[in-house]
2 protein chains.
Amino acid sequence: MKDIARELGVSVATVSRALSDSPSISRERRQAIQQYAREHNYFPNVIAEQLRHSRRNPSHAIGVIVPELVHYYFSSILDGIESEASARGYHIIVAKSNESYEREVQICEAMLKNKVCGIIVSQAKDTEQYDHFLHLESCGVPLVFYDRICPALNASRVVVDDYMGTMNAVSHLIETGCKRIAFYGAPMNMVIAKNRFNGYRDSLYKHGLELDEGLVRICDNRADAERITPAMMRQANRPDAFFAVNDETAIGILSVVKRLGFSVPDEVSICGFTNGFRATVCDPMLTTVEQRGTQVGKEAADILIGLVEGTLSRDHAEKRIVKTRLVVRGTTRHL
Amino acid sequence: MKDIARELGVSVATVSRALSDSPSISRERRQAIQQYAREHNYFPNVIAEQLRHSRRNPSHAIGVIVPELVHYYFSSILDGIESEASARGYHIIVAKSNESYEREVQICEAMLKNKVCGIIVSQAKDTEQYDHFLHLESCGVPLVFYDRICPALNASRVVVDDYMGTMNAVSHLIETGCKRIAFYGAPMNMVIAKNRFNGYRDSLYKHGLELDEGLVRICDNRADAERITPAMMRQANRPDAFFAVNDETAIGILSVVKRLGFSVPDEVSICGFTNGFRATVCDPMLTTVEQRGTQVGKEAADILIGLVEGTLSRDHAEKRIVKTRLVVRGTTRHL
DNA sequence: TAAATGAGTGCAATCGTTTGCGTAGCTCGT
DNA sequence: ACGAGCTACGCAAACGATTGCACTCATTTA
């Protein structure tokens, strides 16, 4: 700007006003300045702009914290956030917590310093203190949780409809003739785990089936599934179906069940939750609950931007639930 | 700082120096100021710091451009970049090009404005002009390419050893008794496609086998693989093995081959390239070339930071090749 | 003809830090 | 007693932009 001002024999203030189309600058000057700027491809220094406006205007940087990156669901969410953010003129700063509370705190600190306008976060499994989140809010940085929400905070959030998703999936199993449905869930201290279990339980009740505690296990990964499933299948009163908290676990079950010589889905039905890459790779392909990570990401970004731009009130926690969808494939019977 | 200065009756300059441990401030004052700052948890305004230093010092923001986010290899790379960057005090701004040239240009522009200290990028498939990259370099923003490098630019880059990876994989097929090995590759205008094909060809030659053009196809995704493989398998002189340019394609081949009633790996061997999620989900599990995305990401970040911090010269293009590793599983025979 | 109006500019402060330079006050040597 | 030298600090400019206010003319109005 200084250069432009010098070359055109005007003051920096005039240049500034001309470039921002201020009506108080005469037409000819304005156009001359704009043209000169264009020709010398001038563009404003964001840093300086931000410093100037730091009191009033937030930056356009959204902080995103993910527990891990190499993970289908989180990738989808990141994808959704990126799409929504970039479409609305924001960019994203991504950091992964590695499921570590300490790292999460560090990241929050760093993002605060770097003046993000808000943060979209899924808690680390480790996290049981929330001071860092509170501190952010007290510094005026709005927070939106996704997936793993913070139960102690009444913050804005986006989650999938775990309850109904599971309910529908289990109903589908029952309606296709399954009577003894095993449930492999995540540890119950996670909200999503509880919701999915409730969906399972209520679906059984709705169809007049009883809940057999012997069919319920805490198991949310493939290794564990492969370890515990053989015993499950060898018991006299073995299950004729499995509902797993995620696709990975379902794949573990599938591989064991096949190895033991059961036919899927004729003897054993299996249903997962995610609908990631895995679901169409296994044989038969996996019936699963589509988790719509991209949609979750978009909603989260939408809320955050709403909060930042004042469309949404910061006093009220916006809570959105993304509907799931059952994708029926080869590991369950058709009607 | 102003507040601290006022409260302690000194000038802002003194506060600044005290906080940066300048020896020209008396011990007592320095400690008093530091303590006061700590107690009122003061931390410097990065924006202002950057503005002040904008002439000399680069920011600590690394721009990362990925063609897509929901993709195993790119996720791994992102993971590697994030790890290396955060370990060395940088943060990453992530944007996806959606394989679109125009979007890529926009992103470069935006990142330039946002004063990233450098950019790590894999080109969109679309991209055939390179002005935007040249423009960045001319603005002093160093570039590091990964995966899809820009052949027209002599820029720093990290790629996997496609040639040797393929060579070893095909050798393994031959050594386990395969004689007619089909090759499904990506379009030959991509450098990685060419290298993999060369690895295939040279491995055949090395083992005294002839290259049969009838066994070579352009095919790099599952849908196409499922479409063209039946014909391939029905010809009189059908292949007894497949090498596919990525796991996804290999899975497509596997599903067709199984459906046609061939046994894997007894009648047909299959080898992929990536070693992503899919590889351990299919049945039998996929023999594949491990692409080590995380390592690629780390190397890329390492180069970029080297360039930024001056450890590496900007005049010389740093080119690194990440070694691949053959992971033998169930879709190929063992020795 | 003097005063009021208003369009078009420039000055200077500001955002929060850093830093070159100047200087007050002290000690010390001669 | 006076200048040199040193320590410890403050002043003010700078980074690149924005903006309230004042100012200069030319034009209109009474």
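Residues numbered from 1 in each chain as written. Chains lettered and ligands numbered in written order. Predicted model: local features only at pLDDT ≥ 70, side-chain atom pairs only at ≥ 80, totals over all residues. Heavy atoms only, no water.

K.L.:
What exactly am I supposed to notice about the interface of chain B and chain A here?
P.N.:
By a frequent convention, interface size equals the accessible area lost on bringing the separate parts together. Opposite the 39 residues of chain B that make contact, chain A presents 39 residues. Interface area for chain B against chain A, summed over the two sides, is near 4000 Å², with a carbon-plus-sulfur share of 64%. Taken together, the connections running from chain B to chain A amount to 5 salt bridges. Between Asp 79 of chain A and Lys 96 of chain B there is a salt bridge, with its nearest N and O atoms 2.9 Å apart. Remark: the boundary between chain B and chain A carries 15 residue pairs in polar contact (both at pLDDT 80 or more). Of all elements in the fold, only α4 (46-53), α5 (72-87), β2 (91-96), α6 (101-113) and α11 (247-259) of chain B reach the threshold of two or more residues within the side of chain B that touches chain A. Per-element accounting of the side of chain B that touches chain A gives the leading share, 8 residues, to α5 of chain B. Of the residues belonging to the side of chain B that touches chain A, the class tally is 19 nonpolar, 10 polar and 10 charged. Of the pairings in the sheet, the one linking strand β2 (residues 91-96) of chain A to β2 of chain B comprises 3 bridges and is antiparallel in character. (Contact = heavy atoms within 4.5 Å. Buried area = accessible area lost by both parts, 1.4 Å probe. Salt bridge = Lys/Arg side-chain N within 4 Å of Asp/Glu carboxyl O. Polar contact = N/O pair within 3.5 Å; in protein donor to acceptor, adjacent residues only side chain to side chain. Helix = DSSP H or I, 4+ residues; strand = E, 2+ residues; numbered from the N terminus. Nonpolar A, V, L, I, M, F, W, Y, C, P; charged D, E, K, R; others polar. Pairing = 2+ DSSP bridges.)

K.L.:
Quick question: what am I supposed to make of the sheet that holds strand β6 (residues 181-185) of chain A here?
P.N.:
Residues and elements named next belong to chain A. Overall, mixed pairing links the 6 strands, which are arranged β7-β6-β8-β9-β10-β12 in an open sheet. A single partner strand is all that each edge strand has here, and the edge strands are β7 (216-218) and β12 (325-327). Sheet twist, expressed as the average angle between the axes of neighbouring strands with direction ignored, equals 20 degrees. In this sheet, β12 lies alongside strand β10 (residues 287-290) in antiparallel orientation, the contact comprising 3 bridges. Across the sheet, Thr 288 pairs through a bridge with Val 327, a residue of β12. (Axes fitted to C-alpha atoms, helices over the stretch in contact; angles between N-to-C directions.)

K.L.:
Is there a simple way to think about the environment of Ser 16 of chain A in this case?
P.N.:
Turning to its location among the elements, Ser 16 of chain A is positioned in helix α2 (residues 12-19). Considered as a pair, Ser 16 of chain A and Ile 4 of chain A are 12 residues apart in the sequence and their alpha carbons are 10 Å apart.

K.L.:
Help me out: how do you make sense of the pairing of β10 of chain A in this one?
P.N.:
The side chains of a regular strand alternate between both faces of the sheet. Alignment of strand β9 (residues 269-274) of chain A against β10 of chain A, held across 4 bridges, turns out to be parallel. Paired with Cys 271 of chain A across the bridge in β10 of chain A is Thr 287 of chain A.

K.L.:
Which parts of the structure should I look at to understand unusual backbone geometry?
P.N.:
Pro 265 of chain A follows Val 264 of chain A through a cis peptide bond whose omega is 10 degrees. When you line up the elements, Pro 265 of chain A lands in the loop between α11 (247-259) and β9. A cis geometry characterises the amide bond from Asp 283 of chain B onward to Pro 284 of chain B, with omega recorded as -5 degrees. Mapping Pro 284 of chain B onto the fold places it in the loop between β9 (269-274) and β10 (287-290). In the Ramachandran plot, Glu 99 of chain A falls in the positive-phi region, its phi being about 65 degrees despite a non-glycine side chain. Mapped onto the elements, Glu 99 of chain A comes out in the loop between β2 and α6 (101-113). If you check the backbone angles, Asn 275 of chain A has positive phi at about 60 degrees while not being a glycine. Turning to its location among the elements, Asn 275 of chain A is positioned in the loop between β9 and β10. By relative accessible area, which is 10% here, Asn 275 of chain A ends up buried. (Buried < 20%, exposed > 50% of the residue type's maximum accessible area, 1.4 Å probe, protein only.)

K.L.:
Mind showing me how you'd approach the pattern of salt bridges here?
P.N.:
Should the charged atoms of two oppositely charged side chains come close, the side chains can pair. Residues and elements named next belong to chain A. Taken as a whole, this structure holds 35 salt bridges over all chains when the rule is applied. Between Asp 302 and Arg 320 there is a salt bridge, with its nearest N and O atoms 2.9 Å apart. Residue Asp 302 is located in helix α12 (residues 293-309), and its partner Arg 320 is located in strand β11 (residues 319-322); the two are separated by 18 residues in the primary sequence. Residue classification places Arg 320 among the buried positions, given a relative accessible area of 18%. Within the structure, one salt-bridge network assembled from shared partners comprises Glu 84, Arg 88, Glu 299, Asp 302, Glu 318 and Arg 320.

K.L.:
Help me understand the environment of Pro 284 of chain B in this model?
P.N.:
Residues and elements named next belong to chain B. Using a relative accessible area of 19% as the deciding quantity, one classes Pro 284 as buried. A C-alpha to C-alpha distance of 8.9 Å links Pro 284 and Leu 254, two positions 30 residues apart in sequence. Pro 284 has contacts with Leu 254, Val 264, Gly 330 and Thr 331, leaving out every residue within four places of it along the chain.

K.L.:
Is there a simple way to think about the relation of the copies chain B and chain A in this case?
P.N.:
What relates the two chain copies is a rotation about an axis together with a slide along it. Of the two same-sequence chains, chain B is brought onto chain A (RMSD 0.1 Å, axial shift 0.0 Å) by a rotation of 180 degrees. The superposition operator between the copies reduces to a two-fold rotation axis. (Least-squares fit on C-alpha atoms with pLDDT ≥ 70 in both.)

K.L.:
Teacher, can you tell me more about the pairing of strand β11 (residues 319-322) of chain B here?
P.N.:
All names here are of chain B. What you see with β11 is a clean split: Arg 320 and Val 322 sit on the buried side and Lys 319 and Ile 321 on the side with no burial. Bridge count for strand β5 (residues 156-160) against β11 is 4 bridges, and the pairing is parallel. Note that in β11 the partner of Val 160 across the bridge is Val 322.

K.L.:
Is there a simple way to explain the protein's contact with DNA strand D in this structure?
P.N.:
In the region of DNA strand D, 27 residues are neighbours, and Ser 16 and Arg 52 of chain A together with Thr 14, Ser 26 and Arg 29 of chain B sit closest. Taken together, the sugar and phosphate atoms account for 62% of what DNA strand D places within 4 Å of the protein. Take Asn 45 of chain A: an N or O atom from its main chain is 2.9 Å from a phosphate oxygen of DNA strand D. Between DNA strand D and Arg 52 of chain A there is a distance of 2.7 Å, counted from a base oxygen to a side-chain nitrogen or oxygen. Those elements that provide at least two residues to the surface near DNA strand D are α2 and α4 (46-53) of chain A together with α2 (12-19) and α4 of chain B. In terms of residues, the surface near DNA strand D owes the most to one element, α4 of chain A, which gives 4 residues. In the surface near DNA strand D, the residues fall into 10 nonpolar, 9 polar and 8 charged. (Near = heavy atom within 4 Å.)

K.L.:
Can you walk me through the packing of aromatic side chains in this structure?
P.N.:
The description of an aromatic ring pair rests on the distance of the ring centres and on the angle between the ring planes. Tallied over the entire structure, the rule returns 21 aromatic pairs over all chains. Note on Tyr 72 of chain B and Phe 277 of chain B: the rings are 5.1 Å apart at their centroids and 75 degrees apart in plane angle, and the pair reads as edge-to-face. Placement of Tyr 72 of chain B in helix α5 and of Phe 277 of chain B in the loop between β9 and β10 is noted, with a sequence separation of 205 residues between them. With a centroid separation of 6.0 Å and 45 degrees between ring planes, the pair formed by Phe 197 of chain B and Tyr 200 of chain B is classed as tilted. Placement of the pair is Phe 197 of chain B and Tyr 200 of chain B together in helix α9 (residues 191-206), with a separation of 3 residues, close to one helical turn. Accessibility assignment for this pair places Phe 197 of chain B and Tyr 200 of chain B in one class, buried. The structure contains a cluster of three or more aromatic residues connected by ring pairs, namely Phe 183, Phe 197, Tyr 200, Phe 243 and Phe 273 of chain A. (Phe/Tyr/Trp six-rings, centres within 6.5 Å; stacked < 30°, edge-to-face > 60°.)

Such coordinate-based values are descriptive only and should not be taken to indicate function.
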